[in-house]
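Fold and contact review
Each chain is listed here by its residues.
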Amino acid sequence: MSDDADDPQAAWRAWHDGRATAVSAPYGPLALTGTYWLADYPEGRIPAVPGLWRATDGGVALTATAEDALRLDGEPFTGDAVLAADGAPPAHSRLSAGEARLVVIRREGRWAVRVFDPASEARRAFAGVEATPYDPAFAPRGRFRPYPEDRRVQVENADGRARGLGLGGELTFPFQGAEHTLQVAVDEDDGSLWAVFGDATGGRSSYRFRFLKPGIPDAGGAITVDFNRSLLPPCAFADHFICPFPPPGNTLPFGVAAGERRLKAALATGI
């Protein structure tokens, strides 16, 4: 990564501080208080969410009365609307109920409503993220090799359901005298890589699995595989996320004693 060139330790500290700010923001991952799948509420009434909700071929149909006190695009909303999946950050969600933000999502054809509440218990109790200071040994140079065609594998998710995970290639890198490989997804918009991985510290001194976003490889596929920036998955902050577990082959045989490890003691529930 280019910002590591002059002072990688300083760059890592700035990254870590930025992450702490992002996850503890009013509508960050700690604010998620529920993910409600509409199929589980055939009558359209979700106990914790105002309004009447129905999945349709065109999106999510919402009916609200004045008593629901919903706001759409910043204005009081009553009547009917059809909502598509919301791609904006929760802080910019079109729909709100008081201080809470309501976000419509779609996963493999199933619709859900998420509630982000800045007054959540998890956000109030947040004590920080344990992270290991920068260690250059955990930043080897690797190489990305794309698959001839994208692959999709079924993996278990944190909510107990299996879902498809798209994979665009393999990331190989040396560590402790051996070569290792991770299967990675490729962002369709900018070509950046993303992996979900396990390692020998998982469930012990680190969360059970983590994410890695090493960036964009150069034209020849070369890229720094910087485990110092290993990320806790969203489900480490709130149980209502549906993070994918590592696909087969993505559990490394060594300990990644680097990057974000787990939540600090006040919320250390991930191991």
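Figured I'd write up the structure that's included with this text. Since this is a predicted model, take the numbers as computed values, not measurements.

Take the overall build of the chain next. Helix and strand content of the chain: 2 helices and 17 strands. Taking 2.2 N^0.38 as the reference for a compact globule, 271 residues should give roughly 18 Å; the C-alpha atoms of the chain span a radius of gyration of 20 Å, in line with that estimate. With respect to the three principal axes, the spread of C-alpha positions in the chain is 65 × 40 × 30 Å. Split into buried and exposed, the 271 residues of the chain put 48% on the buried side.

Here we come to the side chain of asparagine 250. For asparagine 250, the position within the fold is in the loop between strand 16 (222-224) and strand 17 (259-263). Taking the relative accessible area as the measure of exposure, asparagine 250 reaches 0% and is therefore buried. Only 2.9 Å separates the side chain of asparagine 250 from the backbone nitrogen of glutamine 183, close enough to count as a polar contact. Excluding its chain neighbours within four sequence positions, the residues that come into contact with asparagine 250 are Leu182, Gln183, Val196, Phe197 and Gly198.

Pairing geometry for strand 11 (residues 141-156) and strand 16, over 3 bridges, is antiparallel. For arginine 143, the partnering residue across the bridge sits in strand 16 and is alanine 222. As judged from the 10 bridges shared by strand 11 and strand 12 (residues 162-175), these two strands associate in the antiparallel manner. From the neighbouring strand, valine 153 faces strand 12, where its bridge partner is leucine 165. As consecutive antiparallel partners, strand 11 and strand 12 are separated by 5 residues, and within that stretch glycine 160 has a phi angle of approximately 90 degrees, a positive value.

What follows concerns the sheet that holds strand 11. Strand order across the open sheet formed by 6 strands is 15-14-13-12-11-16, with antiparallel pairing between neighbours. Only two strands of the sheet have a single partner each, and these edge strands are strand 15 (210-215) and strand 16. For this sheet, the mean angle separating the axes of adjacent strands, direction not counted, is 45 degrees.

The next thing to look at is the environment of glutamate 130. Position of glutamate 130 relative to the elements: it lies in strand 10 (residues 129-132). In this structure, the C-alpha to C-alpha distance between glutamate 130 and leucine 193, residues 63 residues apart in sequence, is 24 Å.

For the coordinates displayed, the defined rule picks out 11 aromatic pairs. Ring centres 6.2 Å apart and planes at 45 degrees place the aromatic pair tryptophan 12 and tryptophan 15 in the tilted group. One end of the pair is tryptophan 12 and the other is tryptophan 15, both in helix 1 (residues 8-23) and 3 residues apart, which spans about a single turn. Grouping residues by exposure puts tryptophan 12 and tryptophan 15 together as buried. Each residue in the set Trp194, Tyr207, Phe209, Phe211 and Phe245 is aromatic and connected to the rest through ring pairs, giving one cluster. Looking at arginine 101, its charged tip hangs above the ring of tyrosine 27, at a distance of 5.4 Å from the centre.

This part covers the pattern of salt bridges. When charged atoms on two side chains of opposite charge get close, those side chains can pair. One pass over the structure, following the stated rule, counts 6 salt bridges. The closest approach of N and O atoms between arginine 262 and glutamate 130, which form a salt bridge, is 3.1 Å. With a gap of 132 residues between them, arginine 262 in strand 17 and glutamate 130 in strand 10 connect regions that are remote in the sequence. For arginine 262, a relative accessible area of 25% puts it in the partly exposed group. Among the residues examined, glutamate 130 registers a relative accessible area of 27% and is labelled partly exposed.

Phe116, Phe209, Phe211, Leu232, Phe237 and Phe241 are the most contacted members of the largest nonpolar core, which totals 38 residues. Going through the elements one at a time, helix 1, strand 1 (32-37), strand 8 (100-107), strand 9 (110-116), strand 11, strand 12 and strand 14 (193-197) are the ones with two or more residues in this core. The element contributing the most residues to this core is helix 1, with 3 residues. Beyond its immediate sequence surroundings of up to four residues, phenylalanine 209 is in contact with Val196, Phe197, Pro233, Cys235, Cys243, Pro244, Phe245 and Pro246.

This brings us to helix 1. For helix 1, spanning 16 residues, the distance from its first C-alpha to its last is 22 Å, which sits close to the expected 22 Å at 1.5 Å a residue. Among all positions in helix 1, only Ala11, Trp12, Trp15, His16, Arg19 and Val23 are buried. For helix 1, the buried positions fall inside an angular range of 135 degrees around the axis, keeping them on one side. Seen from the open side of helix 1, the exposed residues pointing more than 90 degrees away from its buried face are Ala14 and Thr21. Contact partners of the buried residues in helix 1: strand 10 and strand 17.

Reading guide: rules and limits
Residues numbered from 1 in each chain as written. Predicted model: local features only at pLDDT ≥ 70, side-chain atom pairs only at ≥ 80, totals over all residues. Heavy atoms only, no water. Helix = DSSP H or I, 4+ residues; strand = E, 2+ residues; numbered from the N terminus. Rg over C-alpha atoms; globule rule 2.2 N^0.38 Å. Buried < 20%, exposed > 50% of the residue type's maximum accessible area, 1.4 Å probe, protein only. Polar contact = N/O pair within 3.5 Å; in protein donor to acceptor, adjacent residues only side chain to side chain. Contact = heavy atoms within 4.5 Å. Pairing = 2+ DSSP bridges. Axes fitted to C-alpha atoms, helices over the stretch in contact; angles between N-to-C directions. Phe/Tyr/Trp six-rings, centres within 6.5 Å; stacked < 30°, edge-to-face > 60°. Lys NZ or Arg CZ within 6 Å of the ring centre and 35° of its normal. Salt bridge = Lys/Arg side-chain N within 4 Å of Asp/Glu carboxyl O. Core = buried A, V, L, I, M, F, W, Y, C linked by side-chain atoms within 4.5 Å. Expected span 1.5 Å × (residues − 1). Arc of directions from axis to C-beta.

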